[in-house]
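Spelled out from the first residue to the last, the chains are:
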Amino acid sequence: KESLVKPNAICYTTVINAWARGSSVPAKIALKRVEELLEHMETEFAKTRDPSIRPSKITYISVMDAYGRKCKKAKAASKAQASVDRMVKLYARDEGYDRPTRIVFNALINAYSKSDDPNAAPQAEKIFRWMEAQYRAGDDYV
């Protein structure tokens, strides 16, 4: 039977947030579901080009939040970095994906701030300095 409700990016992002914040399910299972939901959104958007299903900046930030809440500290920062790298790659395709902006990079810096990796602070500052340079060069989005 066909559903009468058409889920959109807001619905999926809300479910991703539920998995990120829920405490009754083991972290490994929650992260698997978060990644599956994001992959499903990206796949459906690639197939249909329906902008209502396209993951937004908020979706990716929610995924990064899930990593911060459910991953070990060192791994969370690298997973968040991979999410931003993924966003940059998708945006570069010019297929309608959101451009990573200041809020995305701030979420990434936050992930590094919580990491116990000895290179986390220098990496966070590197991102911050890059953001400053982008702004000075006229990029108001970063």
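The paragraphs below set out a description of the structure included in this document. In every chain, residue numbers begin from 1 and rise along the written sequence. Note on the predicted model: pLDDT of at least 70 is required for a residue's local features to be given, and 80 or more for side-chain atom pairs to be given and counted; whole-chain, interface and lining totals, by contrast, use all residues. Excluding hydrogens and water, the side-chain values take into account all heavy atoms of the structure.

The subject of this paragraph is the packing of aromatic side chains. Ring pairs shown here join Phe, Tyr and Trp side chains whose ring centres sit within 6.5 Å, with only the six-membered ring taken for Trp; geometry is labelled stacked below 30 degrees between planes, edge-to-face above 60, and tilted in between. On inspection of all chains with the given rule, the structure shows two aromatic pairs. Seen in terms of ring centroids, F45 and Y97 are 5.1 Å apart; in terms of plane orientation they differ by 80 degrees. Their pairing is edge-to-face. Residue F45 is found in helix 2 (residues 27-48), and its partner Y97 is found in the loop between helix 4 (73-92) and helix 5 (102-113); the two are separated by 52 residues along the sequence. Taking the relative accessible area as the measure of exposure, F45 reaches 2% and is therefore buried. Ring-over charges, as used throughout, are those where CZ of Arg or NZ of Lys falls within 6 Å of the ring centre and within 35 degrees of the ring normal. Over the aromatic face of F45 sits the side chain of R49, whose NZ or CZ is 5.3 Å from the ring centroid. The ring of F45 is capped by R54, whose NZ or CZ atom sits 5.9 Å from the centre of that ring. In this text, helices come from DSSP runs of H or I with a minimum length of four residues, and strands from runs of E with a minimum of two, each type numbered from the N-terminal end. Using a 1.4 Å probe on the protein chains alone, a residue whose accessible area is under 20% of its type maximum counts as buried, one over 50% counts as exposed, and one in between counts as partly exposed.

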